[in-house]
Amino acid sequence: MIKIVAYYGRYQNKTSLSIEPGGILHNETETSNKNNSQMSKYKIQMPSRSALAMLHLLQENDAYRKLFSSLWNDNISIKIRLKPEKDLMDVQGNQLSSILLWEYIELEDALHWLSTLGGAFSNLGEHDRKFAVKAGDNALKQLIVAQKFGDKMVIAKCWLFVAMSLMQQEYFDKAAFIVKRVHAHCRNARGIKDLAGSGKLVAMCRGIWARLQYEARKSQNSTPAQNNEEVEIEFKFTPPSDFLQKLEDLGAEKLKFKTMKDVYLDTPKFELIRKDNWLRYRDGKIELKVPVESEHHKARNTVYKELTCLRDIEQHLGYKVPPDVENLPDGWIILATVETRRQNWAWQQFNIVHDKLPDGFEIGEIELVSS
């Protein structure tokens, strides 16, 4: 006979069963009192879940019970001390963990690909503004992935990538703001100061800051106003009813009269007018009016530089523009088409313009071309 007793410390919650030769489960109520001193005794320890699973199989599964009895000699006593176990993961918990693990694997793979792609765009962005914009978009995608990870170090790096893109696009103030915030976050005990690698981030901030200062000075020294290039200063207003008579009384010289057709283009996301850039085709000739950043660009007092060379326009914008308004390629829309009757006047160093649209709308403009 094989007698098995499973228990926790000090025989608490004891469970027992007996097996006769041949794997027959013994009924304790029918057994006679035998001398237990003649039985070989074994004491072992088992994890509670494993031991209870074994006892369940011995009680319920005849094949398992016969196999078990064949491996042990008759007339033995086995005492199993159950060791408490920590809670294990159930099936649903295992599924959730598996989903989370694979999500992290996919996110890490995406982050590596985006990092490689972002490095390529950033390198090309040194020579082409269009790629600098793509590098910024890519950095924002990296930021979204990093936020799902919850890795503060990677999030900070992604913000520095965004700052690099803004610097290449000459948005120096925004880039400087980001670099300062990341640097402060790296030096703050509540931020990532105590995390491994924060020192490298501080070094990155300092390197980007030095480059940012250099690019800002370089851009400032190459502004049109300082290179004696001509810029156009305009003041637009609604003319009074006796405006033309007042010009004659002032002694202004009446110049040519002409009719113009202006077609303004932009992207579907209005990328040009958001930056106060105006791309127009006046009677078929391309022009781009860009603000002079070094001047105060206020509501109706505006300072612009006019670009009329297609190559200069594309170099400024960082991407190709349509050579004409016929058969526009994808990515371009007609913003407005304006037909204007224009009368030009001259008084001292000022050019005075009186425009009238077919619907009767009138607007006046005083222009001064300056270096």
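Scroll up a little and you will see the structure.
So, here's what we can say about the structure.

The rules we used
Residues numbered from 1 in each chain as written. Predicted model: local features only at pLDDT ≥ 70, side-chain atom pairs only at ≥ 80, totals over all residues. Heavy atoms only, no water. Phe/Tyr/Trp six-rings, centres within 6.5 Å; stacked < 30°, edge-to-face > 60°. Helix = DSSP H or I, 4+ residues; strand = E, 2+ residues; numbered from the N terminus. Buried < 20%, exposed > 50% of the residue type's maximum accessible area, 1.4 Å probe, protein only. Lys NZ or Arg CZ within 6 Å of the ring centre and 35° of its normal. Contact = heavy atoms within 4.5 Å. Patch = residues over 30% accessible without salt bridge, like charges linked within 9 Å, V, L, I, M, F, W, Y side chains within 5 Å. Areas by Shrake-Rupley, 256 points an atom, 1.4 Å probe, with all protein chains shown as cover. Salt bridge = Lys/Arg side-chain N within 4 Å of Asp/Glu carboxyl O. Core = buried A, V, L, I, M, F, W, Y, C linked by side-chain atoms within 4.5 Å. Pairing = 2+ DSSP bridges.

Here's the deal with the packing of aromatic side chains
The tally for this structure, following the rule as stated, stands at 6 aromatic pairs. Between Phe121 and Phe131, the aromatic rings sit 6.2 Å apart at their centres with planes inclined by 25°, giving stacked as the arrangement. Taken together, the positions of Phe121 in helix H3 (residues 91-125) and Phe131 in helix H4 (residues 129-149) put the pair 10 residues apart, joining distant regions of the chain. By relative accessible area, which is 16% here, Phe121 ends up buried. Grouped by ring-pair contacts, the aromatic residues Phe235, Phe237 and Phe243 constitute a single cluster. Just above the ring of Tyr171 sits the side chain of Arg129; from NZ or CZ to the centre is 5.8 Å. Its end group placed over the ring of Tyr171, Lys174 keeps NZ or CZ at 5.3 Å from the ring centre.

Here's the deal with the environment of Ile76
For Ile76, the location among the structural elements is in strand E5 (residues 76-83). The class for Ile76 is buried, based on a relative accessible area of 2%. Not counting the four nearest positions on each side in its chain, Ile76 is found in contact with Met1, Ile2, Lys3, Met39, Ser40 and Tyr42.

Observations concerning a nonpolar patch on the surface
On the surface, a cluster of nonpolar side chains totalling about 430 Å² of accessible area is made up of Tyr42, Leu67, Leu71 and Trp72. Look at Tyr42 and you get partly exposed, because its relative accessible area is 38%.

Description of the environment of Phe131
Between the alpha carbons of Phe131 and Ala120 there is a distance of 8.9 Å; along the sequence they are 11 residues apart. Look past the residues within four positions of Phe131 in its chain and what remains in contact with it is Phe121, Leu124 and Gly125.

Some remarks on the nonpolar core
Counting 22 residues, the largest nonpolar core has Leu160, Val182 and Leu201 as its most contacted members. Those elements giving two or more residues to this core turn out to be helix H5 (152-168), helix H6 (172-187) and helix H7 (198-221). For this core, the element with the most residues is H5, which contributes 8 residues. Excluding its chain neighbours within four sequence positions, the residues that come into contact with Val182 are Ala156, Trp159, Leu160 and Cys205. Residues Ile19, Met46, Met54 and Ile80 belong to the second largest nonpolar core, which totals 15 residues.

Digging into the pairing of strand E11 (residues 333-347)
The two faces of a sheet get side chains in turn, since along a regular strand they alternate between them. Note: strand E7 (residues 253-266) against E11, 12 bridges, orientation antiparallel. Following the sheet pairing, Asp266 is matched in E11 by Ile333. Bridge analysis of E11 against strand E12 (residues 350-356) gives 7 bridges, and the strand direction is antiparallel. Within E12, the position partnered with Gln343 by the bridge is His354.

Some points on the pattern of salt bridges
Using the criterion set out here, one finds 10 salt bridges in the structure. The shortest N-O distance in the salt bridge between Asp242 and Lys246 comes to 3.8 Å. Judged by its relative accessible area of 34%, Asp242 falls in the partly exposed class. The class for Lys246 is partly exposed, based on a relative accessible area of 47%. With its nearest N and O atoms 3.7 Å apart, the salt bridge here joins Lys320 to Glu314. Of the residues examined, Lys320 reaches a relative accessible area of 63% and is grouped as exposed. Owing to a relative accessible area of 16%, Glu314 belongs among the buried residues under this scheme. Among the charged side chains, a network of salt bridges with common partners joins Glu126, Arg211 and Glu215.

Considerations on unusual backbone geometry
Phi is positive for Phe270, which is not a glycine, with a value near 55°. Along the chain, Phe270 turns up in the loop between E7 and helix H9 (271-274). Taking the relative accessible area as the measure of exposure, Phe270 reaches 33% and is therefore partly exposed. Non-glycine residue Gln348 carries a positive phi angle of around 55°.

Purely geometric numbers; function is a separate question.
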